[in-house]
Amino acid sequence: MTKQFKTNINCSNCVRSVTNFLNEVPGIEKWAVDTDNPEKILTVEGQATSEAIIEAIDDAGFDIEEKVGGTI
């Protein structure tokens with residue numbers, strides 16, 4: 001399952017900052033942030049819950065909200 005979230009992760013240093021947090025979330029198989037997109041879309045593949053992903057990004061100090069219709 002693929003989920004998408006709007007974030008304020010806007011550069012490679014920000015991506016580096018969230019890497020350990022996301023890599024510790026059970027069920028994430030793959031993730032990426034589109035820093036070129038104005039909404040800084042985080043795309044997550046796997047069985048992780050939205051709540052776990054949001055908590056990880058929040059713990060890393062970034063803003064996140066699930067995109068409406070963000071499950072593919």
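Only a predicted model underlies this, so the values are computations on that prediction, with no experimental measurement involved.

(A) Examining the overall build of the protein chain more closely. A count of helical and extended segments in the protein chain gives two helices and four strands. N-terminal to C-terminal, the α/β element order of the protein chain is β-α-β-β-α-β. Against the 2.2 N^0.38 benchmark of 11 Å for 72 residues, the protein chain shows a C-alpha radius of gyration of 11 Å, consistent with a compact globule. On the principal axes, the C-alpha backbone points of the protein chain span a range of 25 × 25 × 15 Å. Within the protein chain, the fraction of its 72 residues that count as buried is 38%. Look at the contacts in the protein chain between residues 6 or more apart in sequence, and 64% of them connect residues 24 or more apart. Only carbon and sulfur atoms are counted for the fraction: they give 44% of the accessible area of the protein chain, which is about 4,300 Å². With 6 positive and 13 negative side-chain charges, the protein chain shows a separation of 7 Å between the mean positions of the two kinds.

(B) Region of the structure containing the pairing of strand S1 (residues 2-7). Burial of S1 is extensive: five of the six residues sit out of reach of the surface. Looking at chain direction, S1 and strand S3 (residues 41-46) are connected through five bridges and run antiparallel. Its bridge partner lying in S3, Phe5 is registered against Leu42.

(C) Inspection of the side chain of Ser50 at higher detail. Counting through the fold element by element, Ser50 comes out in helix H2 (residues 50-59). Ignoring sequence-local partners within four residues, the contact set of Ser50 consists of Lys3, Phe5 and Glu66.

(D) Spatial organisation of the packing of helix H1 (residues 12-23) against H2. Viewed as axis vectors pointing N to C, H1 and H2 meet at an angle of 140°, and their least axial separation amounts to 9 Å. Overall, the two elements H1 and H2 adopt an arrangement that is oblique. Two packed elements cross with a definite hand, and for H1 against H2 that hand is right-handed. Across the interface between the two elements, Val18, Phe21 and Leu22 from H1 touch Ile53, Ala56, Ile57 and Asp59 from H2. A breakdown of the residues in the contact of H1 with H2 according to their chemical character gives six nonpolar, no polar and one charged.

Procedures and definitions
Along each chain, residue indices are assigned from 1 in the same order as the chain's sequence is written. In view of the model being predicted, local features appear only for residues whose pLDDT reaches at least 70, and side-chain atom pairs are presented and counted only at 80 or more, with totals across whole chains, interfaces and linings using the full set of residues. With hydrogens and water stripped out, all remaining heavy atoms of the structure feed into the side-chain values. Secondary structure is summarised from DSSP: a helix means a run of H or I of at least four residues, a strand means a run of E of at least two, and numbering begins at the N terminus for each. Computation of the radius of gyration draws on C-alpha atoms alone. For the globule rule, the value is 2.2 Å times the number of residues to the power 0.38. Accessibility here uses a 1.4 Å probe with only protein chains present; expressed as a share of the type maximum, an area under 20% marks a residue as buried, one over 50% as exposed, and anything in between as partly exposed. Here, two residues are considered to be in contact whenever any of their heavy atoms come within 4.5 Å of each other. The method behind every accessible area is Shrake-Rupley, applied with a 1.4 Å probe, and residues are considered shielded solely by the protein chains displayed. When charges are counted, Lys and Arg contribute as positive and Asp and Glu as negative, whereas His and the chain ends are disregarded. The location of each charge is read from NZ of Lys, CZ of Arg, CG of Asp or CD of Glu. Here a strand pair is declared whenever DSSP counts at least two bridges between the two strands. Axes here mean lines fitted to C-alpha atoms, for a helix over just the part in contact, with angles spanning 0 to 180 degrees between N-to-C directions. The labels follow the angle: roughly parallel below 35 degrees, roughly antiparallel above 145, roughly perpendicular from 65 to 115, and oblique for the rest. The hand of a helix crossing depends on one turn: near helix anticlockwise from the far one by less than a right angle means left-handed, and clockwise means right-handed. Following the grouping adopted for this structure description, the nonpolar residues are Ala, Val, Leu, Ile, Met, Phe, Trp, Tyr, Cys and Pro, the charged ones are Asp, Glu, Lys and Arg, and the polar ones are all others, Gly among them.

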